[in-house]
Every structure is written in C-alpha cells, then in structure tokens.
Amino acid sequence: MNQTEIINIFTKKTLGLTFVLSAAAFAFAQEKVGISGSVVSKSNQPVPYASVTFSNKANKLFSDATLTDEKGQYKLDLAPGNYDITIEAIDYQKNVLNKQITAAGNIGAFSIDPEKSATNLKTADIQGVVITAPSTKPYKVELDKRTYDPSQDIVSKGGNLQDVLSNVPSVSVETDGTVSMRGSSNVRFLINGKPSALLGIDDGANALQSIPADQIERIEVITNPSSKFEASGTAGILNIILKKSKKTGFNGSVTGTLGYLPQTNLNTNLSWRKGNLTWFLNGGGGYRESKNTNRNNATYFIPRADNRTNADQESITKNKNDNYNASTGLVYDISDKTSVNASGTVRTFDSDNIGNVWYGYRYTDGSLSSARRDNTGSNNNLALQGDFGLDHKFNDKGHNLSLSLSLQRNRSYNDTDVMQTENDAFTLQNQINQTTLNKTLIGKADYELPIGENSKLEAGYRLDINKNTYDNDVSQRYSLFSDYFFLPTFTYNAFYKEVFNAGYIQFKSKVGKLGYQLGLRNEYSQIDIKYQNLNPSDELIDKKKNYNNLFPSVFLSYEIAKDNQFLINYSRRIDRPRSFFLIPNPSYTDNQNIFDGNIDLNPSYVDSYEFGYSISKNKFTVNPTLYFRHTTDDVKMLVYSDDAGAFHTKPINLGNDDRYGMDLNFNWDATKWLKLLGNVDLFGYKTTGTYTGPEVPKPMPFEGSGFSSRARLTTTFKVDKTFNFQFQGFYRGAQKSLSQDRKDMYAISFGASKTVLDGNGTISFNIQDIFNTRAMRSVTKTPEFERESYMQWQPRQFALSFTYRFKQGERIEQPKRKKDINSNAAGDDQQGGPM
C-alpha cells in the first residue's frame, strides 16, 4: 500500500465517522427557536462586538454564545428554557441577568454601563482589538508544572515547534536541534499528554520542525513530574498542547509565511461547535531550506601507525525539506456527564540534502594530503496516528473516569550516495539505504475520586507496546566501473520491542495552608533486541532485558497568601536508552565520524529535589527554584579514534552526575508599553567516572566540576493597540570537564507584529539570530588527541507571515466546579490527562 492510498483511506474513514456522529448529534438535538436582540449603552447607543452568552440552567449542552454586529444586534438559535445571560464588552461593566426563552422572536435590548475608568474612545479606535482574546500572562506557575503561552511570542510567528521551544523558560535548544532542560538533554516529549507519532522514531530535530508554531496552544514545562506521569525523562517532560477551539459555531484562522533561508508555510486551524458536537481540523505544510556547518581540527599526541599529526575536517550540508500534516477529530457529548472523542493525524516529511566533507591531514615528515566526501541524500517519512477516548463524570465534584487508546505508525526511508576522493583522485563510493519502522500502542485508564472537601485519590494504569525494525544496507566500490559490495559490519537487520506496564496511585489533600501530594508508580519493562549483520564472525544477537522499578513522588506547598506560596517536591525518574543507542553500528554516513550503538547500555536513574517560591500579582510573576539532581549509572559519550583515523562516538554507563542550581523565571508588565519575560539558570555540575576499555590506550577520565549559566530575556514594546515589537536575547555560559571544554554562546532575535483588518488579521516579521552567533564551539581533550569542534545548525534567517481569523465566536461559559485547591493535573479536555 503506497502513501497516497494510506492517506485516502485515512481521510475517507475520518470523514465517514464525522458524518455519522454529526447525524447522530442532530437527531438527538432538541428543537430550537430563532431569537434576536441588541445590546445598548446607558445612553441607548448600540454597542458593537459585545459578547452575549446564554447559559442554560438545566442542561449546559443547550448553552450558546454570539457577538453583536456593528449595529449592536445579534441573532441566535436556542432551545426553549431558562437562561443566565452574560453581556461583556471592552470598556463596559459585565452585566448578568436571567430570562426565560419560550418562543421565537425579538427578546429586546440589553443595557450595559460603561466602566468608571473608561474613556470616550470612538468605536473605530478600538475595532482592531475588540474581538481578539484578552491579554494573558505568558508564563504561569502551578503545583507541579509551569505553563508557557506562545501566542505572545512574536519572534517565533510563522515558525515551528523548535523555534517556540527556543523561547520557553527553563528550556534550551542546542545548535544541532537537541532540546535540554537545566543542562540535561534527557527530555521526554508528549503531544496532548501522550507520546506521539508526530515526533518520529529518532528524527527528533526534523520532527520538531514539522509541527507549526501556529498549531500550539501552550507548552507545559514539567521539571519534576509526579507519579501520574510516565517515569521516562530524567530532565523532565515537555507536554505540547495543540489547539482545539472551544468557541461556538464555525471558527478558524489561516497563516501564511515567507522567509529566508527560503521557506514557505501555509497552516490552518478550523473548528465547528454546535450543541453536543465539536469538530476540529488543524493542518498545513511548507517548504524549508537549511544549512549545517561542522568543523573539527584534531592534533595527535601519541605516534600513530599512519604517521598523522593533525587531522582537519569541514562539513557543509544543505537541506531542502517539504512537510505536510493534518489532524482532525471530534468530541461528542452523549450526555452532560459522558463524552467520546476520536481523532486522526497524518504527517509527511520529505527532504533532499547535498553535502560535502573535506579532510586535511599532516604527517610526521611534514607532508600533506586531503580527502573529500560528497553526499547526496533523501529522506521520506510518513507518520499515522489514531486516538480514541471516553470521559465520564460521575458528578460535578471531580469524580471522573477517563479511558484512551492510541495507535501509531511511523515509517522512514533514508538513502545516501557518497563519493570519496583523495588528492582529487577517485577512491571509493558508498550507497547507504536505511529503513526504519515504528509501531506503537498506548492504552490507559485514569480515575479520580474526591474525598471530602480538600482531598482526592487518583489511580491509573497504562500499557505501552513499542516495536522498531531497522533495515540498514551499506555498500561500497573502489572504481566507477566495478560492482558494489556490502560492508558486512554496517549492513544489518535489527528488531527492538519494548513492553511496559505501569500503574500509579497518588493522594492529595490540604491541611490549613499546607497542601501535600504523595504518589507511587510502578513500571515493569520487558525489552527484546535482535541484531544480525553480514560479518560471518559476528553471531546473531538475541538479548532480553527486564526492569521493574518503583518511582515515588512527594509534593508539598505552603500558601502564604493567594498566589503566594512555597513549593517543595521530590521524584525519582528513569532514563531508558533509546533504541537507536542500543543497536550496534547504527550510523555510517561519514566513515571518519561514526556513531556506535551499545547493546549493553542500561538505564540511568535520577533522584530529583526542588524547593521553589512563587508569587503572582497583576503586574508580575516571580518564581525562583533551587534544584538538585543526582544521577547514577550516568550515560556519557565516549569519543575515541581507531587505527584508521576515524573518530567513534559511543554511549556508555559510567559514574554519577550531580546537577544543582537556581532557576529563576519572571514576567513583569513594567508599563503599559513594556513587558519583560525572563529566565536565569545558574547551575553547578559534578561528574565522576574513568573509563578503561579496549577502545582507548589509557584510562580516560570523565571527572569534572564547575559552574555555568543560561539566561534568556524577552522584551516586548507596545507601540499602540495594534502594533508590537520584540527583542529576545539568549546566553549560555561556558562549561568545562576534564575531557571537554564547551565555549559560551549568545544570540539575539527580533520580531514585530501589526494587527490589521479590524482585528481579523495580523502581519508578523522576525529575524532569528540577528548577528549569526548561534554556534557551538568546544574542545575535547584525551590522552591521545585534542580536537576543536564548531557546529552551526542553522544560520541567520528571516520570516514574514500573515494570519487571518474568521467567525470569532465566543467561548461557552462552562459550569464552574468546586475549586480543587490542590489540583495539579496536567490534563484537560484538550489532552485527556497524562500518565
């Protein structure tokens, strides 16, 4: 079955299910009547673009909302019944009244009073902002997570998830696309509360670039997850919540982007909500070019068999990428307590790349030689995902049950042709063909039971079945006229299967001003690895690994006053090796820089402690946090050189790693025209371990300690109600160990945004890395050699985007539940909860 057939089947089934459930929704809908009315000021003048919300007192499913037009008038279809009616407009006081709707017709005019501080602005002066959402803080602190709202991030407008993450407090994106939190790259990504095929198998950077920024509702930064979350990710969890509108009627937006390095994007977010049925569609695609630059300069200290004293390398790769994605789904309210949901996602990613690697060598006799490898490659990735769920509320006090099932499939083809010359003479040619296939099933159940006024018991179960297959062929020839032959060590088939069962229970309550949450999670993992290459001296590898671990968590909070509290927490986490790290010899694109897998690699474990303080007022939020993380069986990257002069990188378990520091996040509305959002991370580190093995001639120390820093500041200037511009600065301090010295790095970006078309459109422009300084520089030192490295993943780039919003319906006022004073659940109706 080819890609087009899969997409067609997927689309037909999704549309079919949509029509069936739509018909069911209308069949069970109560007969409605058409009403009309108007909103006027105290002086009997029409109030345009006012929000009028009708909340049915008997059944929230019959609630609806609308906006008045330019003449202050509105029309709406409602089921007969008793309604609380809320009228709101900018510069006016909210008015709430009750009315019985019995028949069709005009129900008269509703009057609202002006705010006491309101000025006598003309309507035309405020049309540009009347129908946009009210301003919200971009950063919010909760008991076990921090929430970032990217809607106010002008610099990443028209970009992708990787661009957004570059501006999230406590998160760093390295020059090669690696994402880290507080100095650790072992970050667990979730989409809407669960792993997703959107993130691929091992193509993390490409996957992050294929999710448009315009489709992201918010990002939850969970530095110390509770037992409710899966235990993977010792640095923490980044939960990406995609948009799913709660507004009534038909709503949507379209965003188009042009940029340089050449990029084009067109994305849309559509939703339709009526009665008990909600449908959404997010999709789009684009073209993007990128340029990656790497340099390595090595000096050898020990005499070598090939008599080399120096080895220099420069690699430049240019990529052309096409990516398309679409997500559609619906939620159907069977009753006011039970709802079902279904959604489907498809993502395609295609890239073509051209690269060249130049090598220069100096020998003991002073002579020189050079070599060159020219690469042409292509990648094709297809990801499919289907999600199904049921949510039931036993009552309105938080007694809930949630069931979900996710089926995912991700297939990737990578083909590379490499031509190598030495001193301008042809020496060899490689053809590399890699196929990877991932199939995942995730099933889970979450249960919540309130106990009394201030307590809640939560429990859940989760099953993960993850299968990866790898088919890797590497062939070579030494003449343009000879036949290819396989390189037996690098030509292999591999199979990886992981099954883990997890269950958790946690209890939370509050005694006076002290809130607490105690949790325990158990995860049992079964791993099966099969590996066979063409080397006759290498036997078939068939290895099984089992792990059973308990992961406790403790969260304490002490509320000094409203929005002013101390937070203390502890959790234990695990870093399971990625399947790619466990497969021997997984990569051979560059025969001078080879990544070796390690089938004996074991998980690392971390104990994480945090002590924080949070205060939030109308104008500012400040959240300093002291943290300490102790990692055992730490995964370190061993870099060594073989007899042929090639450099190998291999993950190993070695020693411990301690991280400690202070993470300070703040946002401050300094004036009406100036807003600041900042993050400062001051941290120390201490790593232990000395490696001895056949790869290195002498023991290689990994021990080191030091102090470093990261800082980010976003400054937003509001020129008027429709025009803003923004500067973002980033700094990462130097970091040093016995074997590596990583230099400091900084970058400055700029963005501007203008609201047009009476608030329905936005034009945005941004420049990423104005001074082209975002590059990683490091020096690696071993007893055998010293190597200076430079890497730039993406040079300076520009982007211009335009967003158009239409039919901006207002959100339905949901019935308010009793406040859960200790609530820390990351899930909501958009994501279905973690685990």
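Look a little higher up for the structure.
Thresholds, definitions, all that
- Residues numbered from 1 in each chain as written.
- Predicted model: local features only at pLDDT ≥ 70, side-chain atom pairs only at ≥ 80, totals over all residues.
- Heavy atoms only, no water.
- Helix = DSSP H or I, 4+ residues; strand = E, 2+ residues; numbered from the N terminus.
- Contact = heavy atoms within 4.5 Å.
- Areas by Shrake-Rupley, 256 points an atom, 1.4 Å probe, with all protein chains shown as cover.
- Pairing = 2+ DSSP bridges.
- Axes fitted to C-alpha atoms, helices over the stretch in contact; angles between N-to-C directions.
- Core = buried A, V, L, I, M, F, W, Y, C linked by side-chain atoms within 4.5 Å.
- Buried < 20%, exposed > 50% of the residue type's maximum accessible area, 1.4 Å probe, protein only.
- Polar contact = N/O pair within 3.5 Å; in protein donor to acceptor, adjacent residues only side chain to side chain.

Caption draft 1: Highlighting the overall build of the protein chain. Along the backbone of the protein chain there are 5 helices and 46 strands. The contacts in the protein chain between residues at least 6 apart in sequence include a share of 67% that link residues at least 24 apart. Counting only carbon and sulfur atoms, one obtains 56% of the accessible surface of the protein chain, whose full area is about 36,500 Å².

Caption draft 2: Highlighting unusual backbone geometry. In the segment running from Tyr-260 into Leu-261, the intervening peptide bond is cis, with an omega of 10 degrees. Within the element layout of this structure, Leu-261 appears in the loop between β15 (249–260) and β16 (263–274). Within the chain, Asp-424 stands out as a residue other than glycine whose phi angle is a positive 70 degrees. Although it is not a glycine, Asp-633 sits at a positive phi angle of roughly 50 degrees. By the secondary structure assignment, Asp-633 is in the loop between β31 (620–632) and β32 (635–641).

Caption draft 3: The arrangement of the sheet that holds strand β3 (residues 64–67) in detail. Here 4 strands make up an open sheet; going across it, the order is β3-β2-β5-β6 and the pairing antiparallel. Two strands in the sheet have a free side with no partner beyond their single neighbour: β3 and β6 (95–101). Each strand of the sheet is rotated relative to its neighbour by a mean of 20 degrees, with strand direction disregarded.

Caption draft 4: Geometry of the sheet that holds strand β7 (residues 105–112). The 3 strands are arranged β4-β1-β7 in an open sheet whose pairing can be described as mixed. Taken across any chain shown, the strands that pair with only one partner, and hence form the sheet edges, are β4 (73–78) and β7. The average angle at which neighbouring strand axes cross in this sheet is 30 degrees, direction not considered.

Caption draft 5: Structural detail: the nonpolar core. The biggest cluster of nonpolar side chains holds 22 residues, and the ones touching the most others in it are Leu-165, Val-168, Val-171, Ile-219 and Leu-238. Those elements that provide at least two residues to this core are α3 (161–165), β10 (171–173), β11 (179–181), β12 (187–191), β13 (216–222) and β14 (236–242). With near-sequence residues (within four places) excluded, Val-168 lies in contact with Tyr-148, Ile-219, Val-221 and Arg-712. The next biggest cluster of nonpolar side chains, apart from the first, holds 19 residues, and it includes Phe-54, Ala-79, Ile-85 and Ile-101.

Caption draft 6: The environment of Asn-468, seen in detail. Assignment of secondary structure puts Asn-468 in strand β23 (residues 455–477). When the C-alpha atoms of Asn-468 and Phe-580 are compared, they prove to be 9.5 Å apart, with 112 residues separating the residues in sequence. Side chain to side chain, Asn-468 and Asn-438 meet in a polar contact 2.5 Å long.

By themselves, these observations are geometric and do not establish any function.
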